[in-house]
Amino acid sequence: MIISLVGMPGGGKSTVGRSLSRQAGMRFVDSDGEIEKQLGESIRSFFDREGEARFRNIEQAVIADLLQRPGDMVLATGGGAVLREPNRLALRQQSTVLYLRSTPEELFRRLRHDTQRPLLQVKDPLQKLRELYAQRDPLYRSTAHYTIEVGRPSVATLVNMVLMQLELAGLISAERVAATVGAGREDEAQA
């Protein structure tokens, strides 16, 4: 089983994905981390030097490769992964996709001091988040099998919401969910 997480930059995909993978006993992979390993540099420096189109080409190849790897996995994708139709199709067909949905205002509260996200290094980051959300929200929705409203809950609460959604969908056993819901309380302090 592959569980893919999609959503806006700063929406919690990596944080929730790491915790979910621990609790579900699955391997965690962050597509942006895999891209940086392949590039040998940060996404931001590559993005600044080579541009978005070159970055999206590499991202598409990495996502296609990750979805072909054997074994159970929780895959956190980059915020813009859904911009390419081949990514949307591959994610939807080869994994169970969860959209971690946050409003632009919630994201701005979390990201206002972030200097690592290339698309947010602009004069008005909140306006940029609103523009990205307007463009991407329909793509996230069309890619996702399930939407989880993020809001302000702790990481542990979000992971429990994801696990319960997967259990309701029959993708994970009730025993597995019961054994993990409430586990990982240390994550709450980090949220």
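These lines cover the structure that appears in this document, whether it is placed above or below. Quantities reported herein were computed from a predicted structural model and do not represent experimental measurements. (Residues numbered from 1 in each chain as written. Predicted model: local features only at pLDDT ≥ 70, side-chain atom pairs only at ≥ 80, totals over all residues. Heavy atoms only, no water.)

Applying the stated criterion to the full structure yields 13 salt bridges. One salt bridge connects Glu34 with Arg69, and the closest N-O pair in it is separated by 3.7 Å. Here Arg69 lies in the loop between helix H4 (52-68) and strand S3 (73-76) and Glu34 lies in helix H2 (residues 31-39), a separation of 35 residues in the sequence. The partner of Arg56 in a salt bridge is Glu52, and the shortest N-O contact between them spans 3.1 Å. Placement of the pair is Arg56 and Glu52 together in helix H4, with a separation of four residues, close to one helical turn. When salt bridges with common partners are traced through the structure, they connect Glu34, Lys37, Asp65 and Arg69 into a single cluster. (Salt bridge = Lys/Arg side-chain N within 4 Å of Asp/Glu carboxyl O. Helix = DSSP H or I, 4+ residues; strand = E, 2+ residues; numbered from the N terminus.)

A separate point is the packing of aromatic side chains. Summed over all chains, the structure comprises two aromatic pairs. Considering the side-chain rings of Tyr99 and Tyr140, the 4.9 Å spacing of their centres and the 35 degrees angle between planes classify their relative orientation as tilted. Of the two residues, Tyr99 sits in strand S4 (residues 96-101) while Tyr140 sits in helix H7 (residues 125-143), which places them 41 residues apart along the sequence. Using a relative accessible area of 0% as the deciding quantity, one classes Tyr140 as buried. (Phe/Tyr/Trp six-rings, centres within 6.5 Å; stacked < 30°, edge-to-face > 60°. Buried < 20%, exposed > 50% of the residue type's maximum accessible area, 1.4 Å probe, protein only.)

A separate point is the nonpolar core. Core analysis: the biggest nonpolar cluster contains 29 residues, and Val6, Met8, Leu67, Leu75 and Leu91 have the highest contact counts within it. When residues of this core are traced back to their parent elements, those giving at least two are strand S1 (2-6), helix H3 (43-50), H4, S3, helix H5 (85-94), S4, helix H6 (104-111) and H7. Examining the composition of this core, we find that six residues originate from one element, H4, more than from any other. The contact partners of Leu91, leaving out residues within four places of it in the chain, are Ser4, Val6, Ile63, Leu67, Leu75, Thr77, Val97 and Thr143. Residues Leu20, Leu100, Val150 and Leu166 belong to the second largest nonpolar core, which totals 18 residues. (Core = buried A, V, L, I, M, F, W, Y, C linked by side-chain atoms within 4.5 Å. Contact = heavy atoms within 4.5 Å.)

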